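# Notes for the structure review
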Amino acid sequence: MDFAESLRMATKTLSANKLRSGLTMLGIIIGNASVIAMIGIGEGAQKFVNAQLQSLGPNVLFIVPGSQEARQLGDLDVPRNLVLADAEALATQVPSISAVAAEKTTQGLVNYRNRNTNTSIVGTTEDFLTVRSFEIAQGRFLSNLDQRSNSSVVVIGDTLADTLFDKESPLGKQIRIKGITFEVIGVLQKKGSNLGLNYDDAVMVSITTLASRIVGRTSPYGIDVGFISISADSPEAMETAEFQVTNLLRLRHGTTDGDDFYISSQETLLTIADTVTGALTLMLAAIASISLFVGGIGIMNIMLVSVRERTQEIGLRKAIGANQKDILTQFLIEAVILSAIGGLVGTAVGGGGIFLIAALSPFEASVSASAVIVAVGVSGSIGLFFGVVPARQAAKLDPIVALRSA
Amino acid sequence: MSLYFSVKWRHTCSHHPNPIHHSHVLSFPMPSLIQFKQITKVYGTGNTEVRALWNVDMTIDSGEYCSIMGPSGSGKSTAMNMIGCLDQPTSGEYLFDGQDVAKLPENELAHIRNRKIGFVFQQFHLLSHLTALENVEQPMMYAGVRSAERKRRSAEALERVGLGNRINNRPNQLSGGQQQRVAIARAIVNKPLLLLADEPTGALDTQTTQDVIDIFSELNASGITVVMVTHEPEVARLTNRVIWFRDGEVLNPHLDPSNLGSMTAVPIG
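Thresholds, definitions, all that
Residues numbered from 1 in each chain as written. Chains lettered and ligands numbered in written order. Predicted model: local features only at pLDDT ≥ 70, side-chain atom pairs only at ≥ 80, totals over all residues. Helix = DSSP H or I, 4+ residues; strand = E, 2+ residues; numbered from the N terminus. Buried ≥ 20, exposed ≤ 12 C-beta atoms within 10 Å, placed from the backbone. Contact = placed C-beta atoms within 7 Å. Domains from an automatic or database assignment. Nonpolar A, V, L, I, M, F, W, Y, C, P; charged D, E, K, R; others polar. Core = buried A, V, L, I, M, F, W, Y, C linked by C-beta atoms within 7 Å. Pairing = 2+ DSSP bridges. Axes fitted to C-alpha atoms, helices over the stretch in contact; angles between N-to-C directions. pLDDT = per-residue confidence, 0-100. Expected span 1.5 Å × (residues − 1). Arc of directions from axis to C-beta.

Further remarks concern the overall build of chain B. Scanning chain B from terminus to terminus reveals eight helices and ten strands. Out of the 269 residues belonging to chain B, those deemed buried represent 46%. Counting only contacts in chain B whose residues sit at least 6 apart along the sequence, the fraction spanning at least 24 positions is 69%.

Structure (structure tokens):
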């Protein structure tokens, strides 16, 4: 019997028992849908994280206090802090960088008249806009003059402006941070959350103002900073910049072995993020493929029952001239059809699930063609794999015994 | 029709693809279609050993219309399975259409069943999800016949058994007698040499039994060898010869069916 004929016959048999065929497929549908959805979510998360990291800018380096080793081991020895003087030294002495911004963040109550909110208070420097690619929506940003004079001026984020001022213009208004009065001189353009920091909801002051009026000095070496972000001249200058920054900071901190700071770039962050999200995707896919596997076992189960039930049919087919290969093919095709259709429907369901998740979360929808091909291919092979045992059982039936079975 | 003729003759003529064509040569003995030579079939071993057939010699010629009878456990079912190439002997030689099939591999047996033998069973064995036409098509699917040709021949076969107007009915829309006629159409659609029927009227009432037997007679008249296993004397009486089995042996290889006339039930022993 040729293949097209076998295919037609199998479809006929399967559609003669729709409920059973449907239920058998359900296992594969669920398995496949979860594989597709999990891979899609993993890829969506990966894209999301990558987009966040990309928005840091291609030639930005972050310098964070403390050695990498100390951080990884959870070393409680307080490392020598990065201070504002370090940032200033980098700005004046490293030739391959174009801008340097220092940041220090604290939390506190901010209020305007009777409205108040507890939010991030970020102390920073004039180059913040350049290095972190922010823009001013209204007014102006903090200047070097503000920094030198410890002036009581703030720039607020877009969301915070809405919270405190509603429809009013914030410019020139007096707000209070931890009870101290500041004047609003500018509003940042909305940018969205970035690596867990949401500047849209923050209030920004000069880092010197933060140190002298809000938190007080904590480091014996100067005004300490949370991290320093620098902008290299070009993406190509990144390595040079990193080298020069390292050298200068070692010199300034008097360290020879074991740096007390750690430099990361968008690239290294991307690599780390890729590794993490990749592992996550793999784990999700592995969990989901268990259900695909279980679906395959379901097919084997039903096919075994079907062979039992159709013993007489098999006996009759053998009597009228079917050989072992014909019977084997017939049952294998039935199994493969079940799992292939289950795979296709499952893919559609999984794809739909991804778009639903995308609509409800910040992740974007992502169903790669390769994932679909792999999932459908795998479920087809699962049908073939789990169909072999029942099909062989059917093919090996003795026609006499099969015909006599009532 | 002679049951016995020389070995030499068989060896020279039995390879002819279709011995039926010789039937018009009246002066010439018919070639044998089925020949058992010392066929033994043993099931199990040791203490559980059952001798289903014991050194059976039997010959059925092309064009014959005969029945196989015997009490249960006599070996008649085993003999029928053997004749139909569904089973193979433990020892002995079985020439079917001139070919020794006793040791053939399963695939070749399947091929012989497909091309040369048509089966009719007591329980009809129709596929319930297929129409009468599709049921009749089945043997041709394994013979590799194209769809259009299959449909034409199936319709023709159903016409021949008087079901030309029921070709699109499913088995559950047909009476027992009609279902058995579909099964007969399926059995003859590949133009077999042998029609092998296992209690074909066992599930039918008197009237439909008569219809089915009439079809058998008609098919036999057209040249097909018909062999049926039955326990109904009134059915066997309509055939030309009865082969009587008992205890795994052929007790009487050519019982005259008219001798069954006085019997009211199957004689035991």
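So, on to the domain arrangement of chain A. Domains assigned within chain A are domain 1 (3-52 + 274-404) and domain 2 (81-254). Computed from C-alpha coordinates alone, the two centres of domain 1 of chain A and domain 2 of chain A are separated by 56 Å.

With that out of the way, let us pick up the interface of chain B and chain A. At the interface, 21 residues of chain B touch 19 residues of chain A. Listing elements by their share of the side of chain B that touches chain A, those giving two or more residues are α3 (106-116), β6 (117-121) and α4 (132-142) of chain B. The biggest single contributor to the side of chain B that touches chain A is α3(B), with six residues. Residues that form the side of chain B that touches chain A fall into these classes: nine nonpolar, eight polar and four charged.

We now examine the environment of Leu7(A). Residues and elements named next belong to chain A. In this fold, leucine 7 is placed in helix α1 (residues 3-16). Exposure remark for leucine 7: the 15 C-beta atoms within 10 Å place this residue in the partly exposed category. Residues leucine 7 and isoleucine 333, 326 residues apart in the sequence, show an inter-C-alpha distance of 6.8 Å.

This part covers helix α11 (residues 311-319) of chain A. Within α11(A), seven of the nine residues are buried, leaving the element largely enclosed by the surrounding structure. Within the span of α11(A), buried status applies to Glu313(A), Ile314(A), Gly315(A), Leu316(A), Arg317(A), Lys318(A) and Ala319(A). Check the buried side of α11(A) and you find it contacts α12 (324-360), α13 (369-395) and α14 (399-404) of chain A together with α3 and β6 of chain B. Directly after α11(A), the chain includes Gly321(A), whose backbone phi takes a positive value near 120°.

Moving on: the nonpolar core. Grouped together as the largest cluster of nonpolar side chains are 127 residues, with contacts concentrated most on Leu158(B), Ala185(B) and Leu195(B). Beyond its immediate chain neighbours, meaning those up to four positions away, Leu195(B) contacts Gly118(B), Val120(B), Ala187(B), Ile188(B), Leu219(B), Ile224(B) and Val226(B). In this structure, Val83(A), Ala101(A), Leu210(A) and Val245(A) belong to the second largest nonpolar core, which totals 56 residues.

Bringing the sheet that holds strand β1 (residues 32-43) of chain B into the picture now. All names here are of chain B. Taken together, the four strands give an open sheet; going across it, the order is β2-β1-β4-β5, and neighbouring strands pair in antiparallel fashion. Each of the sheet's edge strands pairs with one partner strand only, and the pair in question is β2 (50-61) and β5 (99-100). Pairing geometry for β1 and β2, over eight bridges, is antiparallel. Directly across from valine 42, in β2, lies its bridge partner arginine 51.

All right, on to unusual backbone geometry then. All names here are of chain B. Although it is not a glycine, aspartate 97 adopts a positive phi angle of roughly 50°. You can see aspartate 97 is positioned in the loop between β4 (91-96) and β5. Positive phi values are uncommon outside glycine, yet phenylalanine 124 reaches one of about 65°. Along the polypeptide, phenylalanine 124 turns up in the loop between β6 and α4.

Turning to the sheet that holds strand β8 (residues 225-229) of chain B, a few remarks are in order. Either a parallel or an antiparallel arrangement is found when strands of a sheet pair, and the pairing is made through backbone hydrogen bonds. Residues and elements named next belong to chain B. An order of β6-β7-β8-β3-β9-β10 is seen for the six strands of this open sheet, with the pairing classed as mixed. Only two strands of the sheet have a single neighbouring strand rather than two, namely β6 and β10 (249-255). With direction set aside, neighbouring strand axes in the sheet form an average angle of 15°. Bridge analysis of strand β7 (residues 194-198) against β8 gives five bridges, and the strand direction is parallel. Across the sheet, leucine 196 pairs through a bridge with valine 227, a residue of β8.

Residue and element names in this part refer to chain B. Across chain B, pLDDT averages 86, with 86% of residues at or above 70. Contacts from residues 1-27, a stretch scored under 50 in pLDDT, to residues over four places away or in other chains number 25 contacts. Within the model, the stretch residues 262-269 combines pLDDT values under 50 with six contacts to residues more than four positions away or in other chains. The ipTM, which scores confidence in the relative placement of chains, is 0.85 for this predicted complex, and the corresponding pTM is 0.72.

All names here are of chain B. Between its terminal C-alpha atoms helix α7 (residues 206-221) stretches 22 Å, which fits the 22 Å expected from 16 residues at 1.5 Å a residue. Among all positions in α7, only Thr209, Val212, Ile213, Ile215, Phe216 and Leu219 are buried. Along the axis of α7, the buried residues cluster in a sector spanning 155°; they form a single face. Turned more than 90 degrees away from the buried face of α7, the exposed residues are Thr206, Gln207, Asp214, Glu218 and Ala221. If you follow the buried residues of α7, they end up packed against α6 (176-188), β7, β8 and α8 (233-236). One or two steps after α7, the chain reaches glycine 223, where phi turns positive at roughly 115°.

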